[in-house]
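Letter by letter, the chains look like this.
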Amino acid sequence: MGGRGAAVLCWLLLLRALRGAAGARPCSPKFFGRDAMVCVCSAAYCDAVEPVVLPGAGGFVTYESSKAGKRLQRSEGDLPAQPECPGWWDGHGVGWPWGWLAMGWDGSEGTFRHSLSAPDVLLTLDVSARFQRLKGFGGSLSDAAALNIVALPQPAQEELLRSYFSDSGIEYNLIRVPMGCSDFSTRPYSYDDVPDDFELRHFALAEEDLEMKIPLLRRAIAMAKRPLSIYGSPWTAPAWMKSNGDIRGKGTLKGRAGGKYHRAWANYFVRFLDEYAKHNITFWAVTAQNEPIAALFAHPLFPTVAFTAEQQRDFVVRDLGPVLQRSPHSARLLIMDDQRIHLPGWARAVRPRVPLRPQWAPVERGG
């Protein structure tokens, strides 16, 4: 048998050592047809997973989900002390002479095959390759999400939040918070709807923030064993800042980068961070704009502001960047909050103007 074939066979033999470990509470599945299935969570019962514990030297752990109803079902196993294959265990990971290993996968039930006969999917792991660092996983606390959570009975709310943020759940560590209304809101609104209030004297959080999102964020933070990275994303500027005079629909910021409308919009970000800080909510980051390119093709009722890459670059360099840099907040600034099809073109358009020190250039700040 060739070298690679021996490595594949060895890995499949190792999988025979897998031993099942039932989760803390398994999924209670509900099926909707067409392979649609959800895990039912109620005040009486909600599925949960065991806290993640790294295996000891020579051991490994897998988590498996499937259309049949498995949700992060945990299994663990041991690697042979002296495997009869061209690999080794060094206490940190599995090493192979070619820097790879492979396994057969049966996609129908999400179980490992124990033979080399025509696997549905061949997974190859190159343990020597390193790419970008993964920040984490999470979801958006939109108005719609908050409305649905607070509409539940209090015990069901607790179970649901625990299933997302506690160590008996999936431990989300990222939360996206819309800055004002979004397309998941019941009404169009901003934090300053008073025309031409360039000093933002009338800036104020909405009832959606004060009565729903902030209380839910505080509960999530209290449940999480690890720090939550919260970031804000604006969908729309106030109507008086937009070229179409409406919170909804296709429109750009009035004027140009460096002008009074762009400066007011940049200060709007800082005021948002200020107001949330009064409630002990600290933001890890803000994005420059939700779906800036999609806004060019937006439905008339979609709250949005359109930017090209060049327009956003100039706004960041001349307005938003300096304002954030001077603020007391350590929030990072993220660009390209849109579809990945726009990469790497968007980043290439922004990058040439980055080295503009000492005026401003993006730097990593905070945690």
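What counts, and where the lines are drawn
- Residues numbered from 1 in each chain as written.
- Predicted model: local features only at pLDDT ≥ 70, side-chain atom pairs only at ≥ 80, totals over all residues.
- Heavy atoms only, no water.
- Helix = DSSP H or I, 4+ residues; strand = E, 2+ residues; numbered from the N terminus.
- Buried < 20%, exposed > 50% of the residue type's maximum accessible area, 1.4 Å probe, protein only.
- Contact = heavy atoms within 4.5 Å.
- Polar contact = N/O pair within 3.5 Å; in protein donor to acceptor, adjacent residues only side chain to side chain.
- pLDDT = per-residue confidence, 0-100.
- Phe/Tyr/Trp six-rings, centres within 6.5 Å; stacked < 30°, edge-to-face > 60°.
- Core = buried A, V, L, I, M, F, W, Y, C linked by side-chain atoms within 4.5 Å.
- Disulfide = S-S within 2.5 Å.
- Pairing = 2+ DSSP bridges.
- Axes fitted to C-alpha atoms, helices over the stretch in contact; angles between N-to-C directions.
- Parallel < 35°, antiparallel > 145°, perpendicular 65-115°, else oblique.
- Left-handed = near helix turned anticlockwise from the far one by under 90°.
- Nonpolar A, V, L, I, M, F, W, Y, C, P; charged D, E, K, R; others polar.

Just to check I follow, could you spell out the environment of Ser182 for this structure?
Locating Ser182 in the fold gives a position in the loop between strand E12 (174-178) and helix H4 (207-223). Accessibility expressed as a relative area gives 5% for Ser182, which makes it buried. Separated by 65 residues in sequence, Ser182 and Ile247 place their C-alpha atoms 10.0 Å apart. Excluding anything up to four places from it in sequence, Ser182 contacts Ser142, Trp235 and Pro303. Separated by 3.0 Å, the side chain of Ser182 and the backbone nitrogen of Phe184 make a polar contact.

Please explain the side chain of Ser190 as it appears in this structure.
Looking at the element boundaries, Ser190 is found in the loop between E12 and H4. Only 3.2 Å separates the side chain of Ser190 from the backbone nitrogen of Asp192, close enough to count as a polar contact. In this structure the side chain of Ser190 is engaged in a polar contact, spanning 2.5 Å, whose partner is the side chain of Asp193.

Help me understand the confidence of the model for the protein chain, please; the structure alone is not making it clear to me.
Caution applies to low-pLDDT parts of the model: their predicted coordinates are not meant to be read in detail. Per-residue confidence for the protein chain gives a mean pLDDT of 80; residues scoring 70 or more make up 76%. Low pLDDT (under 50) marks residues 1-23, which in the prediction has 57 contacts with non-local residues, meaning those over four places away or in another chain. Within the model, pLDDT remains below 50 along residues 355-367, and this stretch shows 26 contacts once partners closer than five positions in the same chain are excluded.

Looking at this structure, how should I read the packing of aromatic side chains?
Ring pairs (aromatic) are described by centroid distance and by the angle formed between their planes. Counted by the stated rule, this structure contains 16 aromatic pairs. On the basis of an interplanar angle of 70 degrees and a centroid distance of 5.1 Å, the ring pair of Phe198 and Tyr261 is categorised as edge-to-face. You can see Phe198 sitting in the loop between E12 and H4 and its partner Tyr261 sitting in helix H5 (residues 260-277), a full 63 residues away along the chain. Their ring planes at 80 degrees and their centres at 5.3 Å tell us that Tyr276 and Phe283 sit as a pair that is edge-to-face. In this structure, Tyr276 and Phe283 share a single accessibility class: buried. Taken together, Tyr191, Phe203, Trp265, Tyr268, Phe269, Phe272, Tyr276 and Phe283 form an aromatic cluster joined through their ring pairs.

What should I look at first to understand the nonpolar core in this one?
Grouped burial of nonpolar side chains is what soluble globular proteins tend to show. Counting residues in hydrophobic clusters, the biggest one holds 52 residues, and the most contacted among them are Ile175, Met241, Phe272 and Tyr276. Those elements that provide at least two residues to this core are helix H2 (143-150), helix H3 (154-165), E12, H4, H5 and helix H6 (309-326). For this core, the element with the most residues is H5, which contributes 10 residues. Residues within four places of Phe272 in sequence aside, it is in contact with Val177, Met179, Tyr191, Phe203, Leu205, Gly232 and Phe283. Counting residues in hydrophobic clusters, the runner-up holds 6 residues, among them Ile293, Met336, Ala349 and Val350.

I would appreciate a short explanation of the state of the cysteines in the present structure.
By definition, a disulfide is the covalent link that joins the sulfur atoms of two cysteine residues. One pass over the full model with this rule turns up 2 disulfides. The disulfide partner of Cys27 is Cys39, and the gap between their sulfur atoms is 2.2 Å. As the torsion about the S-S bond is roughly -110 degrees, the Cys27-Cys39 disulfide counts as left-handed. Pair noted here: Cys27 is in the loop between strand E1 (19-20) and strand E2 (29-33) and Cys39 is in strand E3 (residues 36-39), with a separation of 12 residues, a long-range link. The exposure class of Cys27 is buried, given its relative accessible area of 12%. The partly exposed category is assigned to Cys39, whose relative accessible area is 23%. Across the disulfide from Cys41 sits Cys46; the S-S distance is 2.0 Å. Between Cys41 and Cys46, the S-S torsion sits near -110 degrees, and that sign places the bridge as left-handed. On the basis of relative accessibility, which here comes to 27%, the residue Cys41 falls in the partly exposed class.

So what exactly am I meant to see when it comes to the sheet that holds E12 here?
In a beta sheet, neighbouring strands are held together by backbone hydrogen bonds and run either parallel or antiparallel to one another. An order of E11-E12-E13-E14-E15 is seen for the 5 strands of this open sheet, with the pairing classed as parallel. Across the chains shown, the open sheet's two edge strands, defined by having one partner strand only, are strand E11 (138-140) and strand E15 (332-334). Ignoring which end each strand starts from, the neighbouring axes of this sheet average 20 degrees apart. Judged from the 5 bridges that link them, E12 and strand E13 (residues 229-233) form a sheet pairing that is parallel. Looking across to E13, one finds that Pro178 is bridged to Ser233. Set on the sheet, H5 makes contact with E12, E13 and strand E14 (285-287); between it and E14 the angle comes to about 145 degrees.

I tried to follow the packing of H3 against H4 on my own but got confused; where do I start?
Working note: a packed helix pair is described by the angle between its axes plus the distance between those axes. Following both chains from N to C, one finds H3 and H4 inclined at 55 degrees, their axes separated by 10 Å at the closest point. Considering the angle they form, H3 stands oblique to H4. Remark: the crossing between H3 and H4 carries right-handed chirality. Between H3, through Gln154, Gln157, Glu158, Leu161, Arg162 and Phe165, and H4, the contact on the second element is made entirely by Leu216, Arg219, Ala220 and Met223. Residues that form the contact of H3 with H4 fall into these classes: 5 nonpolar, 2 polar and 3 charged.

Which parts of the structure should I look at to understand the environment of Arg313?
Checked against the element boundaries, Arg313 lands in helix H6. A residue is classified by how much of its surface remains accessible, and Arg313, at 15% relative accessible area, is buried. Linking Arg313 and Arg351, residues 38 residues apart in sequence, is a C-alpha distance of 8.4 Å. From its side chain, Arg313 meets the backbone oxygen of Ala349 in a polar contact 3.3 Å long.

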